[in-house]
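Reading the structure
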Amino acid sequence: MTMTTMQTHSPGLWALAWRRLCADRVGMAALAVVAGFLLLVLLSATGMLASDWEDEVAVNYAPPTFVGADATARALAQAQLPRATPPNAFDPLAAELAELEAQVAQTHPPVEKRTTLPFGADKWGHDIVKKTVKGGETSIVVGLVAALLAVALGTLFGAVSGFYGGWVDDLFNWFYSIFTAIPAILMILTVAAVLQQKGVATIVLILGLTGWTGPYRLMRAEYIKHGAREYVMAADAIGASAWQRMFGHILPNVSHVALVQMSILVVGFIKAEVILSFLGFGVPVGTVSWGSMLNEAQNELILGKWWQLAAAAGAMALLVTSFSLFADALRDALDPKIK
């Protein structure tokens, strides 16, 4: 008679965290919204979506479809259609100009611009929906990459400072105190004014190099706490180097802190990019973001054209709220004290 023994394996940290996260309906709904935005960014970056956002498909300030076209929009649509120039007997070039206009009309037939769009148009006739999707690509990429850079720097500095201690810890704490002594928005604006360059890479560097202080403080405390635990001492006893203990043994046990910090920083950096673009330190001319859309919308709002402001602010509010709810759910799911 043979007996079979069944071996059961206890779930690890990440499996338990995923179970807790799946049990949180609000967190999963927020994750679905964030994943939808990331999918839009991917489709926009590959040119499958909103690649023609710069096409002038409507009249200036075309209202949303649910509002309806007004008399001004119809008049603009009629006025923007090309008309044949009547010949002028006193102009010696009138015949040549008329012939040239006829040739242009044959090769490029006139297209009547729309008087309404699903969510309106801006002053150039660009579709607001496509512009919002393309602007989201810039803002979300800036938030994700800058948060990754800030968390990487904060984790590295915190690991070295908390593990070694002594004068190394004093040096990093002095460096940390300098950055935290200045308000964050003033530090960001100062670095932006010194660089005197516009672009997505510049914004990522500005936010990443000024946003590492929060992850540094938390990772330093975690490394001080874990540095004296038994598994780290055991690794030291078998001859593991300092870098192996820091990043091969301690880091996997504190990685949830860095992950939660990254999700929180993404929200802050998206809002910071909007502020920088609104103040003129953000993306260059020809690149659209939610911040540049809000910058344009401040003049349109005076004219009663509210749809670009509503689209950019609504998309940003939805993403920021969803990311905040997801960050809260992720922090609760990764907390080992919660069962």
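Reference entry: report on the structure contained in this document. This is a predicted model, so every value here is computed, not measured. The written sequence of each chain sets the order in which its residues are numbered from 1. Local features in this predicted model are restricted to residues of pLDDT 70 or higher, and side-chain atom pairs are both shown and tallied only at a pLDDT of 80 or more, whereas totals for entire chains, interfaces and linings draw on every residue. Side-chain measures here rest on the full set of heavy atoms in the structure, leaving out hydrogens and waters.

**With respect to the overall build of the chain**
Helix numbering and strand numbering both begin at the N terminus, where a helix is a DSSP run of H or I of at least 4 residues and a strand a DSSP run of E of at least 2. Across its full length, the chain holds 13 helices and zero strands. When the helices and strands of the chain are read in sequence order from the N terminus, they spell out α-α-α-α-α-α-α-α-α-α-α-α-α. Buried residues are those whose accessible area, probed at 1.4 Å on protein chains only, stays under 20% of the maximum for their type, while exposed residues exceed 50% and partly exposed ones sit between those limits. When each of the 339 residues of the chain is scored for burial, the buried share is 39%. A fraction of 78% describes how many contacts in the chain between residues 6 or more apart in sequence connect residues 24 or more apart. Each accessible area value is a Shrake-Rupley result obtained with a 1.4 Å probe; residue values ignore everything except the protein chains displayed when judging cover. Counting only carbon and sulfur atoms, one obtains 66% of the accessible surface of the chain, whose full area is about 19000 Å². Only heavy atoms enter the contact rule, under which two residues are in contact if any of them lie within 4.5 Å.

**Quick look at a nonpolar patch on the surface**
Each patch is built from residues lacking any salt bridge and having more than 30% relative accessible area; the joining distance is 9 Å for like charges and 5 Å for nonpolar side chains (Val, Leu, Ile, Met, Phe, Trp, Tyr). One speaks of a salt bridge when a side-chain nitrogen belonging to Lys or Arg is within 4 Å of a carboxyl oxygen belonging to Asp or Glu. Where nonpolar side chains cluster on the molecular surface, the patch consists of Ile182, Ile185, Leu186, Ile275, Phe278, Leu279 and Phe281 and spans about 570 Å² of accessible area. Those elements that provide at least two residues to the nonpolar patch are helix H7 (184-195) and helix H11 (242-279). The greatest single-element share of the nonpolar patch, amounting to three residues, is contributed by H11. Relative to the elements of secondary structure, Leu279 occurs in helix H11.

**Thoughts on the pattern of salt bridges**
Tallying each qualifying case throughout the model produces seven salt bridges. Here Lys131 makes a salt bridge to Asp122, at a shortest N to O gap of 2.9 Å. Here Lys131 matches Asp122 in class, with each residue buried. Measuring nitrogen to oxygen at the nearest pair gives 2.7 Å for the salt bridge that ties Lys131 to Glu296. Placement of the pair is Lys131 in helix H5 (residues 128-164) and Glu296 in helix H12 (residues 290-302), with a sequence separation of 165 residues. Accessibility expressed as a relative area gives 2% for Lys131, which makes it buried.

**Points about the packing of helix H2 (residues 25-45) against H5**
To get an axis, fit a line to the C-alpha atoms, keeping to the stretch in contact for a helix; angles then go from 0 to 180 degrees between the N-to-C directions. The geometry of H2 relative to H5 is characterised by a closest axis approach of 9 Å and an angle of 110° between their N-to-C directions. If you check the angle between H2 and H5, you find them roughly perpendicular. Two secondary-structure elements touch here, H2 through Phe37, Leu38, Leu40, Val41, Ser44 and Ala45 and H5 through Val133, Lys134, Gly136, Glu137, Ile140, Val141 and Leu144. In these notes the angle categories are as follows: under 35 degrees is roughly parallel, over 145 is roughly antiparallel, 65 to 115 is roughly perpendicular, and the rest is oblique.

**Let's talk about helix H6 (residues 166-181)**
By definition here, a helix of n residues has an expected span of 1.5 Å times n minus one. When the terminal C-alpha atoms of H6 are compared, their 22 Å separation across 16 residues agrees well with the 22 Å that a helix rising 1.5 Å per residue should span. All buried positions along H6 are accounted for by Val168, Asp169, Phe172, Tyr176 and Phe179. Burial along H6 is one-sided: seen end-on, the buried residues are contained in an arc of 95°. In H6, the exposed residues that point more than 90 degrees away from the buried face are Trp167, Asp170, Trp174 and Ala181. Against H5, H7, helix H8 (200-210) and helix H9 (213-226) lie the buried residues of H6. To be clear, the arc concerns the directions from the helix axis to the C-beta atoms.

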